[in-house]
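The lines below spell out each chain.
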Amino acid sequence: METNHITPSWKCQKGKTLIELVKDETVTDEDLEKDLAHDKKKTLDEILEEIRQQKFNQIDERLLADVKDIVSSVDWDLTPHNDGSQRSDLKQVLLKLCQAVIETKKFRPRLTQMVSWCIMALSETGWLIQVGTGEGKSCIVAMFAAFRAMRGEKVDIMSSSSVLAARDLEDWQDFYEVLKISVDCNINKQDKDLRLCYKCQVVYGTVEEFAGDWLQHRFYRRDIFGQRTFECAIVDEVDSLMLDKGLHMVYLSSEMPALQHLNPLLAFILATANQYGEIGTGTMVGQKYPFHEVVLENITKGKDDDEFSILQMAEDTGILEKGSVKDLRKNPSLLTEKTAGVTANQLATFFEEVERRFPSCQFALHCMNSDGLIDTLNKGPRQVLSERQGVSLLLMNGGFCQYMYSDRESMLRAVEEKIKRALHFTPSELSKDGVTCYVPGFLSDLVNSRLKVWIENAFEAQTMTKDHEYIIEAHGVVPVDYSCTGVVENNMKWGDGLQQFLEMKHQSKLSDMTAITNYMSNVGLLQKYRKIFGISGTLGQQAETETLQKIYDGIKTCQIPSFKRRKLFEVEGVIVDDEKEWVVKICNVVNAQTNPTPYRDRRAVLVICETIHRAKVLYQALGDNVPNKKLYISNNMDNTAIFAKKLEAGEVIIATNLAGRGTDLQVSDQVKRAGGLFVVQTMMPKNARVEAQAFGRTARQGSPGSAQLIICSSHLSEPLQLLAVMENSNSGIKRVKKIRDYFVAKGLASYLECHIPHIKKKEELFNQYLGTLDEVYKSSMNMPADSDLSALNEFWGMWLLTNFNQKDSIMDLKNKLSEDLKKARQKLKERKSPSSNLHHYTAFGNDLRKKGDLAESIVMYTKAIQEDHSWAAIAYYNRALTSLTQKDRRQDPNCIDQALEDLQNALKSVELYCDQIEFTHRYSTQVKDLCSDPVTRFDRHMMTRKDVLLFFKGNINEAIRKVEIARDSGGAVKVKESLVYFLIPVVSFVPLAVLSIESLTLIRSRDPLTLLQLITHPVCDNLNELKCLESLGLTHVYTLDTPFTLGGFFLKIRRNISQAFD
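Caption draft 1: Representation of the overall build of the protein in the model. On a plain count of helices and strands, the protein comes out with 41 helices and 28 strands. For the C-alpha atoms alone, the extent of the protein along its principal axes is close to 125 × 80 × 55 Å. For the protein, contacts bridging at least 24 residues in sequence account for 72% of all contacts bridging at least 6. For the protein, the accessible surface area stands at approximately 48,900 Å², while carbon and sulfur atoms represent 51% of it.

Right, here's the structure in full:
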């Protein structure tokens, strides 16, 4: 059954209400349909009366009277009446704006648009205006922006997407030109163009672009904004930006190459987490261990207790055949063969014998039966020692056991303990066992403070699925904002290892972890403006509007009626229990709407799904029954065909929430006559605003339309699932929505009480750090050394990760940061690393070498080596070649010997880098099951990373050979330096050159996605790895020559004679 929502105050052209029309026996069904279909525009009085009746509108009679006076005056043939008041001035302005719209856009602004403009124009504070979808928000925005610009203000217009920002600028550029108002858009612009852009009176863009440009201006000192200040912001889709994305952080990437050292640890964490899983209800198990290893780990060992003594015990018990231990001593690899026939029950008997032999050791033994249920094997009465509970084990056929954990916390502790056993901080003795993970000691504080979070994120990565929370693109794993906007967020990466875990899971190119050094939240940016005006199709319910008013002091809200009655027919919703039934139900509805009936023609249908995966499932399920269907699931795809023409009868779009907010789907007249676009929403939306945005795709601008919710209960959260099963479909949906709205209100309370204070604390600390940067620039005449800035930024980023605690007061945090930054700056003045990072010393040395101060640069390289010789390959290399350069051709034997020793040590250190790449590769590929390619993108990346290091090794070996020749001949070496990019053969860059030539047009387009895909293309891997080495301190590579000199020849003779006498 379809229900038509009509307000009680509605009247037909003859002045009768709907009830009066229905009761009138002279009115036929055809007359009633005609009256409902041909609805006139609302009068100004009707619009103002609806505003009065809106429950949450914060508007008084005096303001409404002013609005009526101004709008009625302008509307009356657009002729103002001058009475000398402030309102008269506004009448003149509104008249001028309306005339500009008529001249450039060829339409007259509606009364609702003029009312919206007046409410904002008359305000001394900010306003948030709800204007229905399809009611002409862009016109209201342009007219109001022009008004503020005419008053001498700089106006920033924030759209919900870059596409909409560029589109609105193009649509309204002529309007601004007529009014002699300069306007531009900040999308896809470089520094020079951005500076010109921000000189304009009005700038269109996205909140991400405005925030990113401010960070460029303030953090990186690129003078983007010039004299522009935060005066007036007009925010489109204001509820999405302030509530759904209020805490979204915009940050600019900062080079922090040292965090590449964490990749082996992250790979080991993920491999370890993948060995743990859940069996039964709430019971977790760990990796499989041979039974004798479990015994050895849990008994109190005597001097004669080792693996063979435990295996001998198993042989004596009858678990192993006679003579097995003797064979295993000769060949340990036979263990799997020897234990292949051991059953779980036999293991239980053996463990009971272990308990008798070692009374302090107790086990709770279990096995899994044929039904997949867990059985307890030792049920008899057992003495449990007070100081130690029994160790729970799941016994398996084949001689293996798994530790069992009753809760998630105990499992996470076990994982942490295992990882810590494999983790070693350098400098330390290095092992070639292949199971030890080495991390530089200067990262120990970071690892110790974040290890638990990384472990939790490794398990989180297991539960996340492709085409739900993320998609796989050419440039890697990309998050999807599936619950709100459906947007594929190309420039976003998850933090705390989650991004890297997903990249390893899908064997895509591995990015390095980053520490955020600069950031700006949506809330933080908007709070910088003196005045905020927001427009949205859905401001939400009372909880949402109250939340917005608490975040932004003095702001008011108002809902503007539609200019015509909205003709939305909402079909009764359906909840189904089974996913297959859900798919069938949706397909039946789509088929019914796209086929004609005796009373209507075919319609067009929009199906909105929660995830990309479910959209693909429905697309496949519709099959040939619906030939005219399209997928709209990614903003990375070319979707022009969807919007190129009006939707015709029988056409279907299957989409995600991408087709919700901001999407304007036009339908043909034939579809309108058949009842308009039919929207099927296939999930319970996150909140009422997302729901309204989806239903807002139809019944726009007075046209008819229908919508229906079809929900699968298994897709709901657990509290809502139970509720949905207990109720019938209609009452169930209403009840589920009510509970959802309760949780939304609860979440908004948490947003205010926890999340907003959290982000404000972080932004206050960032502002404090910006103050420190100001002092650094001032003290260095605005020319601080790049190495100093890099070291200080890295220190700040690490400080935030390791020291920020929400429980600490902002004053305590600021005091600690102030003290720590003071110490860090003092260390930099003394040419010390604030965080004991050896790579900082290498960078300091490079700065000095560049200035020609070779002796001091050698001191810095030496400090790097002393800090951690294990990873000091570049410092050793630079010290050797700088020493040889310093002495030029007057190198004495000691100089030659020291250079040779440094180069040999550099070689050893590069070996450690290579070993840890292999470690990362080995443990990452243990989760390769999701990728069928024999050679994955991850494989290629790791191979390229190692190949670049092998070229470096080759360069070092060649240098060693030349230095040895000089030593043996008594000569000297001539040093020639080249940029690090000459480390690998030029031929390796040919594919990159070909790609660049082929992509010139795309590069010139400055499209961010295209540039991102080019940068992450496999042919760019060599270049990216060389940049990484450069940022670690290898700015140059050296080639050596050993020219023959007569002096060198006699020096060698003298040296040989001296050695003979010695």
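Caption draft 2: Examining the sheet that holds strand β12 (residues 391–396) more closely. Taken together, the six strands give an open sheet; going across it, the order is β8-β9-β13-β12-β10-β11, and neighbouring strands pair in mixed fashion. At either end of the open sheet lies a strand with only one pairing partner, and these are β8 (277–279) and β11 (374–376). Strand-to-strand, the axes of this sheet are offset by a mean angle of 40 degrees, without reference to chain direction. In the sheet, strand β9 (residues 283–290) pairs with strand β13 (residues 400–405) via five bridges, with the strands oriented antiparallel. Bridge pairing links Met284 to Tyr405 in β13. Across the sheet, helix α13 (residues 291–298) is in contact with β9, β10 (363–368), β12 and β13; its angle to β9 comes to roughly 105 degrees. Sheet strands in contact with helix α18 (residues 408–422) are β9 and β13, and its direction is about 30 degrees off that of β9.

Caption draft 3: Structural context of the nonpolar core. In terms of nonpolar packing, the biggest core is built from 195 residues, with Met158, Leu262, Leu265, Phe350, Phe351, Trp454 and Tyr877 touching the most fellow members. Counting residues in each nonpolar core, the second largest holds 60 residues, with Val74, Ile119, Leu122 and Ala142 among its members.

Caption draft 4: Structural detail: the packing of helix α12 (residues 263–273) against helix α20 (residues 498–505). Close contact between α12 and α20 brings their axes to 10 Å; oriented N to C, the two are set at 65 degrees. Here α12 lies roughly perpendicular to α20, going by the angle between them. The handedness of the crossing between α12 and α20 is right-handed. Every residue of α20 that contacts α12 at Asn263, Leu266, Ala267, Ile269 and Leu270 is listed here: Gln500, Phe501, Met504 and Lys505. Considering only residue class, the contact of α12 with α20 consists of six nonpolar, two polar and one charged.

Caption draft 5: Spatial organisation of the pairing of β12. By the bridge criterion, four bridges tie β10 to β12 in an arrangement that is parallel. Its bridge partner being in β12, Leu365 is matched across the sheet by Leu393. In the sheet, β12 pairs with β13 via four bridges, with the strands oriented antiparallel. Across the sheet, the residue bridging to Met396 is Phe400, located in β13. In this antiparallel pair of consecutive strands, β12 and β13, the connection spans three residues, and Gly398 shows a positive phi of 100 degrees.

Caption draft 6: A negative patch on the surface, seen in detail. There is a patch of like negative charges on the surface, built from Glu293, Glu297, Asp304, Asp306, Glu307 and Glu417. You can see Asp306 is positioned in the loop between α13 and α14 (307–317). The exposure class of Asp306 is partly exposed, given its relative accessible area of 35%.

Caption draft 7: Inspection of the packing of helix α3 (residues 44–53) against helix α6 (residues 111–121) at higher detail. Relative orientation of the contacting elements α3 and α6 amounts to 50 degrees, with a least axis distance of 10 Å. Between α3 and α6, the angle is such that the two are oblique. Our pair here, α3 against α6, has a crossing hand that is right-handed. Contacts between α3 and α6 involve Leu44, Ile47, Leu48 and Ile51 on the former and, on the latter, Leu111, Thr112, Val115 and Ile119. Of the residues belonging to the contact of α3 with α6, the class tally is seven nonpolar, one polar and no charged.

Caption draft 8: Up close: the side chain of Ser703. When you line up the elements, Ser703 lands in the loop between α27 (688–695) and β26 (704–712). In this structure, Ser703 is in contact with Lys567 and Lys672, ignoring residues within four places of it in sequence.

Caption draft 9: Quick peek at the pattern of salt bridges. What the rule picks out here adds up to 43 salt bridges. The residue Arg450 makes a salt bridge to Asp496 at a minimum N-O spacing of 2.6 Å. In this pair, Arg450 sits in helix α19 (residues 444–463) while Asp496 sits in the loop between β17 (476–479) and α20, placing the two residues 46 residues apart along the sequence. Among the residues examined, Arg450 registers a relative accessible area of 18% and is labelled buried. In this structure, Lys466 and Asp467 form a salt bridge, with 3.6 Å as the shortest nitrogen-oxygen distance. Shared partners join several salt bridges into a network, and the residues in it are Asp239, Asp244, Glu544 and Arg689.

Caption draft 10: Local environment of the packing of aromatic side chains. Inspection of every chain in the model, using the stated rule, returns 31 aromatic pairs. Pairing Phe268 with Phe919 gives two aromatic rings, centres 6.1 Å apart and planes at 40 degrees, and the pair type is tilted. With Phe268 in helix α12 and Phe919 in helix α35 (residues 893–924), the pair connects residues that are 651 residues apart, well separated along the chain. Exposure class is identical for Phe268 and Phe919. Each is buried. Ring centres 4.9 Å apart and planes at 65 degrees place the aromatic pair Phe351 and Phe363 in the edge-to-face group. With a gap of 12 residues between them, Phe351 in helix α17 (residues 344–357) and Phe363 in strand β10 connect regions that are remote in the sequence. The buried category is assigned to Phe351, whose relative accessible area is 0%. Taking relative accessible area as the criterion, Phe363 reaches 0% and is therefore assigned buried.

Caption draft 11: The arrangement of the sheet that holds strand β2 (residues 127–131) in detail. As summarised here, the arrangement of the seven strands in space is β4-β5-β3-β6-β19-β2-β20, forming an open sheet in which the pairing is parallel. The strands lining the two open edges of the sheet, one partner per strand, are β4 (183–185) and β20 (556–560). Between one strand axis and the next, the sheet turns through 15 degrees on average, direction left out of account. Strand direction decides the pairing type here: strand β3 (residues 155–159) and strand β6 (residues 232–236), joined by four bridges, are parallel. Pairing of Val155 across the sheet is with Cys232, part of β6.

Caption draft 12: Seen up close, α20. Most of α20 sits out of view: eight of its eight residues are buried. Buried within α20 we find Leu498, Gln499, Gln500, Phe501, Leu502, Glu503, Met504 and Lys505. Residues of α20 that are buried sit in contact with α12, α19, β16 (470–473), β17, α35 and α36 (937–969). Positive backbone phi, approximately 55 degrees, marks Gln507, located one or two places after α20.

So, how was this worked out
Residues numbered from 1 in each chain as written. Predicted model: local features only at pLDDT ≥ 70, side-chain atom pairs only at ≥ 80, totals over all residues. Heavy atoms only, no water. Helix = DSSP H or I, 4+ residues; strand = E, 2+ residues; numbered from the N terminus. Contact = heavy atoms within 4.5 Å. Areas by Shrake-Rupley, 256 points an atom, 1.4 Å probe, with all protein chains shown as cover. Pairing = 2+ DSSP bridges. Axes fitted to C-alpha atoms, helices over the stretch in contact; angles between N-to-C directions. Core = buried A, V, L, I, M, F, W, Y, C linked by side-chain atoms within 4.5 Å. Buried < 20%, exposed > 50% of the residue type's maximum accessible area, 1.4 Å probe, protein only. Parallel < 35°, antiparallel > 145°, perpendicular 65-115°, else oblique. Left-handed = near helix turned anticlockwise from the far one by under 90°. Nonpolar A, V, L, I, M, F, W, Y, C, P; charged D, E, K, R; others polar. Patch = residues over 30% accessible without salt bridge, like charges linked within 9 Å, V, L, I, M, F, W, Y side chains within 5 Å. Salt bridge = Lys/Arg side-chain N within 4 Å of Asp/Glu carboxyl O. Lys, Arg positive; Asp, Glu negative; His and termini not counted. Charge placed at Lys NZ, Arg CZ, Asp CG, Glu CD. Phe/Tyr/Trp six-rings, centres within 6.5 Å; stacked < 30°, edge-to-face > 60°.

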